[in-house]
Amino acid sequence: MTVVEPRPLDSFIDNDEKPIGYGRMLRKEDPRFIRGKGRYCDDVQLPGMLHLAILRSPVAHARIVSIDTSAAEAHPKVKAVVTGAALAEKGLAWMPTLSNDVQAVLATDKVRFQGQEVAFVVAEDRYVARDALELIDVEYEILDPVIDARKALEPTAPVIRDDIEGKTDNHCFDWETGDEAATNAVFDAAEVTVSQDIVYPRVHPAPMETCGCVADYERVEGKLTLWSTSQAPHAHRTLYALVAGLPEHKIRVISPDIGGGFGNKVPIYPGYVCAVVGSIVTGKPVKWMEDRSENLISTGFARDYIMRGEIAATRDGKIQAIRTHVLADHGAFNGTAAPVKFPAGFFGVFTGSYDLEAAYCKMTAVYTNKAPGGVAYACSFRITEAVYLVERIVDCLAYELDMDPVELRIKNFIQPEQFPYTTKTGWVYDSGNYEPAMRLAMEMAGYEALRREQAEKRARGELMGIGVSFFTEAVGAGPRKNMDILGLGMADGCELRVHPTGKAVVRLSVQSQGQGHETTFAQIVAEEIGIPPADIEVVHGDTDNTPFGLGTYGSRSTPVSGAAAALVARKVRDKAKIIASGMLEVSVADLEWQKGAFVVRGDPSKSVTIQAIAMRSYGAGDLPEGIEGGLEAQICYNPENLTYPFGAYICVVDIDPGTAEVKVRRFVAVDDCGTRINPMIIEGQVHGGLTDGVGMALMEMIAFDEDGNCLGGSLMDYLIPTALEVPDWETGYTVTPSPHHPIGAKGIGESATVGSPPAIVNAVVDALKPYRIRHADMPLTPSRVWDAMQGNPKPPV
Amino acid sequence: MQVPAPFEYERATGVDDAIALLDRLGSAARLVAGGHSLLPMMKLRLANLEYLIDINDLHGELGYIEVEPGQLRVGSMTRHRELLESDPLAEAFPIFRDAERVIADPVVRNRGTIGGSLCQADPSEDLSAVCTTLDASCLIRGSSGSREVTMAEFYRGPYETAVGDDEILIEIRIPVRPNGSSAYEKVERRAGDWAVVSCGAAVWMDGDVISDARVGLAAVGPNTTGIPAISEALRGKVPSEDLYAEAGAIAAENCTPSTDMRGSAEYKRHLANELTRRALRRSTARIHGQGV
Ligand SMILES: Cc1cc2nc3c(=O)[nH]c(=O)nc-3n(C[C@H](O)[C@H](O)[C@H](O)COP(=O)(O)OP(=O)(O)OC[C@H]3O[C@@H](n4cnc5c(N)ncnc54)[C@H](O)[C@@H]3O)c2cc1C
């Protein structure tokens, strides 16, 4: 079912409908944030707490000849100085990454990227810790760095990972998907083929709060409490147990309020491990908070895919096949966070929203002397790259066929009756109804009128562009049959307790970094058991107080934990029904659920509220046969499939022909994330993601010079968009529920980040049509747009 | 949080006190005005100093905009925001308001000062380009007295000025001439970013012809660049699109941009041309009471 309900753009939005269930509602967590009562890692103050600072490599590639820490150790306020050699004695110099590679906690042999951790100091305060770093003397023997991924596999390239036995090159992995022979056959016979080199440059999530932690190892109890900026506290706990050899029941990971994650806080960083070691060594709590530059130069980056996209079609615009080759730059260690069987994440959805005959992708990943990471920044496990590729190459085809890009897309959409649809790379799209979403976006944008305006402007020499993208995402990892991270299945637990007075506590494994979980999950439970969201406390981010689950990233919280919350509430409701039948002295079959109460069928005067049932469940008196006291339940939800949200985006840009500055004038975003729990929160997620998209399309890039110096180490150099670069977002929606999700919901957290960059780039390229430009790479800074206007578009360095 | 190295802090109570402190503490000391350039450099440990002399209490003494016959004087502690909001200044030199609207953001403008901006001598600094365009001069004072230098003398290279270790910039003096106007144009990658290129222009008319014109460019050389060749080419001419184009071409030829993250040298050269035309066009339109 598709409901097309555009919201009038000028309508007043009441953001507090006081729903008992789904609907607009102000966020329960916001008073805390607005009034400065949020509690972040850096707010944690413990008696006797010490501070840790990390000495980082100033160069991209060098052998460590010697480290002299004596001057730092002699500082009266320094409590410990630890080097890689010291960690190696404890077997802790290296740690596994989320992709079954290893990464140095502190460098022992070589440094492999600028900003790599070399030593740490624990001192009485943050200032002394930082000052003491300057007292450490490291002698480096500089080695040639590998900076350009295109040159990483040249036989003469220096070998970065000589720590791996027998490694003689910088090859990281190869991966392929689809049917090569079938795809080649379609290409060979095709009437039209288009090939385009497309780079998705390295960008950084740059959350407002940098990464950090407070480690408190209590020697008598042997218990480690770790407050950390983690998007996945449970997974981290298990990994600390496996790596550091601490027993898991003696580790408590607390992710308090988190100031933005975007994937940047999924990995375990060396700094966390250093803080744990620091606390064990000194017997005191140790705080480590990285500064802005450390965050930008050393933590999980995103993208860095050098792609060739090829598309085959008939002359009248029927797309037949897509083929792509990708060179993936993984930096010095493969720190990609993705389910293990998916080294390229979910890049396999590069077939997009189109019904194809064949598809094939071959990827080669390489090591370079750059920071590790590789999957972050709201990317849904590489779907950002995939969607960008397909939505750009489809526009290239439209350009070659001189066809309207919307018409080309609509002509090739997977049709509603084809769902569930299995793509040529094996993904099973659960549900979709693409054309109404596309048409709604066109209607909201006034597409025909925009094209007329564009024609008039072009005639006058003005540059106006209209860009379209249509994306399908695969989110909600994932089914345990094929998805795990380092052996941990991606199912989520959830626990619900209704107290005697009818107030409830729901405990989640996922962790909010700003997504509004404390509201959304209360609403999901409210919808099922009729207790107002205000009466439902959402507990999350503390491994001692919540059930196991894999955390918040890849838009998985609602698809996985949201399902768990709905199902656990239904379990409670089922039990409540039996208790109600006892209270009303009727059979269960005679009871009807009206949100908040069980009513006797045919006799509305006889009913009991959920609150009364709760009191009864803990109260005196007998309960029905076989029913235990209390009103609580627990569940672990294993998703049957991913969910496949989609959307249609239209962007309008104006370019100053004299200065090549791009102004995003309008942006229409129609999203379909299935059932909408809190429309205000959904809009917030979309607004944020669209803003991210403007950043990536127009200004963001982590660049390096040829020596491997990171050129994006501060927010003066790494630009993030402000309110002045973005238009008033025009959002709309359709609703196509997920058939397998208990409440029909799909993920929304990353849709806009995924869908907006191609719309913006397509708009810029469209504006440049008078210059016969078919493609220009991000970031489309004025200088790079001007290069394109001179007929000389350049890949980013 | 980025933390600076240890330093000692003194608050100057007046200009003489500041000079006395500088005299005593020598090159190990630095003045801090708005702090928006100096503090980030200290936190990044690019600026390491032993003593910080805070001159914010001098705002009463050195925060002013005085319009006098034939000259306008701006005290070095005048803050960006005061420059932005001053109507007499905008009336005399609209270029100031143009520039202040695109310098940094309100938080920076609330504290940053014209003195700090000029003394920072960043090659992309906007107020330097404004002062160069307006043929300003700088009054500098030290223990051995005061001296006045032209903008060309003031800049000695990137981040280097004529102000000695024991001296302080007191005020900026701008000659006021009749029948003139001015404008400022800037291209930035994002609001609040430093200029990719920016350009100031000032034009004075005598009837239908240009009696004098000046152009000042930022971010296309080691310091802001005044381009005397443009003044020569424009004097005595009737303003026209061709004339602006000629001036633009001179600007492009006479600058020395380099390629960096903000843009390629070729693009910056193109902008020098484009923005020179725009700023001249807008200045003359303003003289004729047209446009903003
Ligand atoms: C985010 C951000 C964006 C910015 N964007 C722009 C921009 O777009 N365009 C632009 O032009 N600028 C920009 N700036 C710089 C801003 O204008 C600064 O405020 C200015 O450069 C310095 O002024 P200040 O008073 O803060 O100087 P301070 O930082 O206090 O001092 C700078 C230097 O000048 C010296 N100094 C200060 N006052 C005197 C004096 N009276 N006599 C002698 N020496 C003195 C100090 O010792 C120091 O060396 C930006 C700054 C930031 C933080």
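Here we summarise the structure given alongside this text. As the structure is a computational prediction, the values presented were derived from the model and not from experiment. (Residues numbered from 1 in each chain as written. Chains lettered and ligands numbered in written order. Predicted model: local features only at pLDDT ≥ 70, side-chain atom pairs only at ≥ 80, totals over all residues. Heavy atoms only, no water.)

### Thoughts on the overall build of chain B
Item 1. A count of helical and extended segments in chain B gives 13 helices and 14 strands.
Item 2. In terms of overall dimensions, chain B is globule-like: its C-alpha atoms have a radius of gyration of 19 Å, near the 19 Å expected for 292 residues.
Item 3. Dimensions of chain B, computed from the C-alpha atoms along their principal axes, are close to 55 × 45 × 30 Å.
Item 4. The proportion of buried residues among the 292 residues of chain B is 57%.
Item 5. For chain B, the proportion of contacts with a sequence separation of at least 24, taken over those separated by at least 6, is 62%.
Item 6. Just so you have it, chain B exposes about 11800 Å², and 48% of that area is on carbon and sulfur atoms.
Item 7. Here chain B contributes 31 positively and 43 negatively charged side chains, and the mean placements of these two sets differ by 4 Å. (Helix = DSSP H or I, 4+ residues; strand = E, 2+ residues; numbered from the N terminus. Rg over C-alpha atoms; globule rule 2.2 N^0.38 Å. Buried < 20%, exposed > 50% of the residue type's maximum accessible area, 1.4 Å probe, protein only. Contact = heavy atoms within 4.5 Å. Areas by Shrake-Rupley, 256 points an atom, 1.4 Å probe, with all protein chains shown as cover. Lys, Arg positive; Asp, Glu negative; His and termini not counted. Charge placed at Lys NZ, Arg CZ, Asp CG, Glu CD.)

### Comments concerning the sheet that holds strand β3 (residues 51–54) of chain B
Residues and elements named next belong to chain B.
Item 1. The 3 strands lie next to each other as β1-β3-β2, forming an open sheet whose pairing is parallel. Of all the strands in the sheet, the pair left with one neighbour each is β1 (8–11) and β2 (29–32). The average undirected angle you get between the axes of adjacent strands in this sheet is 25 degrees.
Item 2. Along the sheet face, helix α1 (residues 15–25) touches β1, β2 and β3 and points at about 170 degrees away from the line of β3. (Pairing = 2+ DSSP bridges. Axes fitted to C-alpha atoms, helices over the stretch in contact; angles between N-to-C directions.)

### A look at the side chain of serine 124 of chain B
Residues and elements named next belong to chain B.
Item 1. As for its position among the elements, serine 124 is in the loop between α8 (114–120) and α9 (126–133).
Item 2. With relative accessibility at 5%, the residue serine 124 sits in the buried group.
Item 3. The contact partners of serine 124, leaving out residues within four places of it in the chain, are Trp194, Ala195, Ala218, Ala219 and Arg262.

### Description of empty space enclosed by the protein
All names here are of chain A.
Item 1. Per the counting criterion, the structure on display carries 3 cavities of 30 Å³ or more.
Item 2. Empty space within the largest cavity amounts to approximately 70 Å³.
Item 3. In terms of lining, the largest cavity is formed by Leu98, Ala232, Ala235, His236, Leu239, Val266, Ile485, Leu488, Leu550 and Tyr553.
Item 4. Take the lining of the largest cavity: its biggest share by element is 3 residues, from helix α6 (residues 233–244).
Item 5. Of the residues that constitute the lining of the largest cavity, the class distribution is 9 nonpolar, 1 polar and no charged. (1 Å grid on protein atoms, 1.4 Å probe; cavity = no way out; pocket = protein on both sides within 12 Å on 5 of 7 lines; lining within 4 Å. Points joined across faces, edges and corners; volume = space filled by probe spheres on them. Nonpolar A, V, L, I, M, F, W, Y, C, P; charged D, E, K, R; others polar.)

### Concerning helix α12 (residues 447–459) of chain A
Residues and elements named next belong to chain A.
Item 1. In this model, α12 (13 residues) spans 19 Å end to end at C-alpha, consistent with the 18 Å of a helix rising 1.5 Å per residue.
Item 2. For α12, the complete set of buried residues consists of Tyr447, Leu450, Arg451, Gln454 and Lys457. Looking straight down α12, one finds that the buried residues subtend no more than 125 degrees of arc, so they occupy a single side. Every exposed residue of α12 that faces more than 90 degrees away from the buried side is listed here: Glu448, Arg452, Glu456 and Ala459.
Item 3. The elements touched by buried residues of α12 are α10 (405–412), α11 (434–445), β22 (463–472), β32 (646–655), β33 (662–672) and α17 (751–767).
Item 4. In the stretch just after α12, glycine 461 is the one whose phi turns positive, near 85 degrees. (Expected span 1.5 Å × (residues − 1). Arc of directions from axis to C-beta.)

### Observations regarding the site of the ligand
All names here are of chain B.
Item 1. If you check the shell around the ligand, you find 31 residues, and the closest are Leu31, Gly35, Thr113, Glu125 and Asp126.
Item 2. Between the ligand and arginine 30 there is a distance of 3.2 Å, counted from an oxygen atom to a side-chain nitrogen or oxygen.
Item 3. At 2.8 Å from an oxygen atom of the ligand is found a side-chain nitrogen or oxygen belonging to histidine 80.
Item 4. Residue assignment for the shell around the ligand shows that the elements contributing at least two residues are β2, α8 and β10 (168–175).
Item 5. Here the shell around the ligand gets 5 residues from one element, more than from any other, and that element is α8.
Item 6. Grouping the amino acids of the shell around the ligand by side-chain chemistry returns 13 nonpolar, 13 polar and 5 charged. (Near = heavy atom within 4 Å. Polar contact = N/O pair within 3.5 Å; in protein donor to acceptor, adjacent residues only side chain to side chain.)

### Here we look at the sheet that holds strand β26 (residues 504–508) of chain A
Residues and elements named next belong to chain A.
Item 1. The sheet built from 4 strands is open, its strands ordered β27-β26-β25-β31 with mixed pairing. The open sheet is flanked by β27 (536–539) and β31 (631–637), the only strands paired with a single partner. Between one strand axis and the next, the sheet turns by 15 degrees as a mean value, whatever way the strands run.
Item 2. Along the sheet face, helix α13 (residues 517–529) touches β25 (492–498), β26 and β27 and points at about 130 degrees away from the line of β27.
Item 3. Sheet strands touched by helix α14 (residues 557–584): β25 and β31. Its angle to β31, the strand with the most contacts, is close to 145 degrees.

### Some remarks on the pattern of salt bridges
Item 1. One pass over the structure, following the stated rule, counts 81 salt bridges over all chains.
Item 2. Between glutamate 134 of chain A and arginine 45 of chain B there is a salt bridge; the shortest N-O distance is 3.1 Å. With one member in each of two chains, glutamate 134 of chain A in the loop between α4 (126–133) and β9 (137–142) and arginine 45 of chain B in the loop between α2 (38–43) and β3 form a pair that bridges those chains.
Item 3. A residue is classified by how much of its surface remains accessible, and arginine 45 of chain B, at 9% relative accessible area, is buried.
Item 4. Arginine 252 of chain A is the salt-bridge partner of aspartate 542 of chain A, the closest N and O atoms lying 2.6 Å from each other. Of this pair, aspartate 542 of chain A sits in the loop between β27 and α14 while arginine 252 of chain A sits in strand β14 (residues 251–254), and the two are 290 residues apart along the sequence.
Item 5. Overall, aspartate 542 of chain A belongs to the buried group, its relative accessible area being 10%.
Item 6. Look at the salt bridges and you will find they share partners, linking Arg63, Asp101, Asp109, Lys110, Arg112, Arg161, Asp162 and Asp163 of chain A into a network. (Salt bridge = Lys/Arg side-chain N within 4 Å of Asp/Glu carboxyl O.)

### What about the packing of helix α6 (residues 94–101) of chain B against α9 of chain B?
Residue and element names in this part refer to chain B.
Item 1. α9 packs onto α6 with a crossing angle of 165 degrees between their chain directions and a minimal axis gap of 10 Å. Considering their axes alone, α6 and α9 lie roughly antiparallel with respect to each other. In terms of crossing hand, the pair formed by α6 and α9 is right-handed. Residue-level contacts link Ile95, Phe96, Ala99 and Glu100 of α6 to Leu127, Val130 and Thr133 of α9.
Item 2. For the contact of α6 with α9, the class distribution of residues is 5 nonpolar, 1 polar and 1 charged. (Parallel < 35°, antiparallel > 145°, perpendicular 65-115°, else oblique. Left-handed = near helix turned anticlockwise from the far one by under 90°.)

### Some remarks on the interface of chain B and chain A
Item 1. Between chain B and chain A, the residue contacts involve 27 residues of the former and 30 residues of the latter.
Item 2. For the pair chain B and chain A, the number of links is 3 salt bridges.
Item 3. For arginine 45 of chain B, the salt bridge goes to aspartate 131 of chain A, with nearest N and O atoms at 2.8 Å.
Item 4. Sorting the residues of the side of chain B that touches chain A by element identifies β11 (180–188) and α13 (265–287) of chain B as the ones contributing at least two each.
Item 5. The greatest single-element share of the side of chain B that touches chain A, amounting to 7 residues, is contributed by α13 of chain B.
Item 6. Residue composition of the side of chain B that touches chain A, grouped by class: 13 nonpolar, 4 polar and 10 charged.

### Focus: a negative patch on the surface
All names here are of chain A.
Item 1. Together, Asp68, Glu73, Asp137, Glu139 and Glu141 make up a negatively charged patch on the protein surface.
Item 2. Sorting elements by how many residues they give to the negative patch places β9 first, with 3 residues.
Item 3. Following the sequence through the fold, aspartate 137 ends up in strand β9. (Patch = residues over 30% accessible without salt bridge, like charges linked within 9 Å, V, L, I, M, F, W, Y side chains within 5 Å.)

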